[in-house]
Amino acid sequence: MTVAAATTMLFAAQNMIAQETTQDVAMNETEVQAPVQDGFEKIEASALPEVVTNAIEADKAGSTVIEAYVNEELGVYKLMLQAEGSEVETAFINAEGKWVTVE
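Because the structure is a prediction, the values reported are computed rather than measured.

What follows is about the packing of aromatic side chains. What the rule picks out here adds up to one aromatic pair. Look at Phe40 and Phe92: their rings are 5.8 Å apart centre to centre, the planes differ by 50°, and that puts the pair in the tilted class. Of this pair, Phe40 sits in strand S2 (residues 40-43) while Phe92 sits in strand S5 (residues 89-94); the two residues are 52 residues apart in sequence, bridging distant segments of the chain. Here the two residues Phe40 and Phe92 agree in accessibility, since each one is buried. Its guanidinium or amino end placed over the ring of Trp99, Lys60 lies 5.2 Å from that ring's centre, counting from NZ or CZ. Sitting above the plane of the Tyr69 ring, Lys78 keeps its charged end 5.5 Å from the centroid.

Considering the arrangement of structural elements, one finds Asn71 in strand S3 (residues 63-71). Residue classification places Asn71 among the buried positions, given a relative accessible area of 8%. Apart from the residues lying within four places of it in its own chain, the contact partners of Asn71 are Asp38, Gly39, Phe40 and Val76.

With that out of the way, let us pick up the pattern of salt bridges. Counted under the stated rule, the structure contains one salt bridge. Note that Lys60 and Glu89 form a salt bridge whose closest N and O atoms lie 2.8 Å from each other. Here Lys60 is found in the loop between helix H2 (50-59) and S3, whereas its partner Glu89 is found in strand S5, with 29 residues between them in sequence. According to the relative accessible area criterion, Lys60 is partly exposed, its value standing at 21%. Classification of Glu89 as partly exposed rests on a relative accessible area of 32%.

Here is what the cut-offs are and how they apply
- Residues numbered from 1 in each chain as written.
- Predicted model: local features only at pLDDT ≥ 70, side-chain atom pairs only at ≥ 80, totals over all residues.
- Heavy atoms only, no water.
- Phe/Tyr/Trp six-rings, centres within 6.5 Å; stacked < 30°, edge-to-face > 60°.
- Helix = DSSP H or I, 4+ residues; strand = E, 2+ residues; numbered from the N terminus.
- Buried < 20%, exposed > 50% of the residue type's maximum accessible area, 1.4 Å probe, protein only.
- Lys NZ or Arg CZ within 6 Å of the ring centre and 35° of its normal.
- Contact = heavy atoms within 4.5 Å.
- Salt bridge = Lys/Arg side-chain N within 4 Å of Asp/Glu carboxyl O.

Here it is in structure tokens:
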């Protein structure tokens, strides 16, 4: 009977450890999701439409896109731009290449 009780306790302890490991993995998966800020979802700069990249070259010559976000509902891109020797600037542009103000 002592052997049966010890075996039961061993399996119960292993089951608790397995459950804790599963919970840790599930928590890590949720941390990997893309961040959404004010309805804007982060995208790669290479995913920007040609109209937007042309507007950046024409109106913000010498600036590099550090980060890019899109709000598909508004049809607006949020860009973090930096020109050499300058601080990062936040700019908003619509899908037609027109600079806009977002509040």
